[in-house]
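# Secondary and tertiary structure notes
Letter by letter, the chains look like this.
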Amino acid sequence: GGQRRARGAGRQLVVAGCRVLDGDRHGCQHVKGFSRVSVFLPAILFSIGYLQSRKKFCLAFGLAGIFNFGSLGQVSKVISPADKALDRKTALNLIIQAFGLAALITIIVLVLPV
């Protein structure tokens, strides 16, 4: 369920990034540099979704101090302050990893010849 949606969203973001790059080849040279750097936005969204899927950890739930191991839509609060702190640390670590992955993707796009 959730992993399929995350992968589908990731694919859509990659397609959107390719469309941005494709605009460079159709006479938009005045925005070429900006459009290539603008790949960072879809790359960060892709990276967050990808890492959440791989780690089976929801960034929003980790930051909000909630979890869902029951039926769909049934949310519970994390009671233990230590567990809540660990979830927030994991969420922030995921954000840092996503920024790193998105930066790598953006650098690769910048280095590729047009």
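Anyway, here's the lowdown on the structure attached to this text. Since the structure is predicted, the reported quantities are computational estimates derived from the model, not experimental observations.

### Details of a nonpolar patch on the surface
Taken together, the side chains of Val37, Ile107, Leu110 and Val111 make up a nonpolar region of the molecular surface, amounting to roughly 370 Å² of accessible area. The element contributing the most residues to the nonpolar patch is helix H5 (residues 81-111), with three residues.

### Some details on the nonpolar core
Among the nonpolar cores identified, the biggest contains nine residues, and these are Ala43, Ile44, Leu51, Phe57, Leu59, Ala91, Leu94, Ala98 and Ala102. Of all the elements in the fold, those that place two or more residues in this core are helix H3 (40-55) and H5. Counting residues per element, this core draws most heavily on H5, at four residues. Discounting residues that sit within four places of it in the chain, Leu94 has contacts with Ile48, Leu51, Gln52, Lys55, Phe57 and Leu59.

Conventions adopted
Residue indices begin from 1 for each chain and proceed along its sequence in written order. Restriction of local features to residues with pLDDT of at least 70 applies here, the model being predicted, together with a cutoff of 80 or more for giving and counting side-chain atom pairs; totals for whole chains, interfaces and linings are based on all residues. Each side-chain value is worked out from all heavy atoms of the structure, with water and hydrogens disregarded. Each patch is built from residues lacking any salt bridge and having more than 30% relative accessible area; the joining distance is 9 Å for like charges and 5 Å for nonpolar side chains (Val, Leu, Ile, Met, Phe, Trp, Tyr). Here the accessible surface of atoms and residues is derived via Shrake-Rupley with a 1.4 Å probe, and residues count as covered only by protein chains that are part of the display. Salt bridges are defined as contacts in which a side-chain nitrogen from Lys or Arg sits within 4 Å of a carboxyl oxygen from Asp or Glu. Helical segments are the DSSP runs of H or I of at least four residues, strand segments are the runs of E of at least two, and each set is numbered from the N terminus. Buried residues of nine kinds, namely Ala, Val, Leu, Ile, Met, Phe, Trp, Tyr and Cys, make up a nonpolar core once their side-chain atoms join them within 4.5 Å. Remark: exposure states derive from per-residue accessible area (1.4 Å probe, protein chains only) relative to the maximum for the residue type, with buried under 20%, exposed over 50%, and partly exposed in between. Every residue pair with non-hydrogen atoms within 4.5 Å of one another is taken to be in contact.

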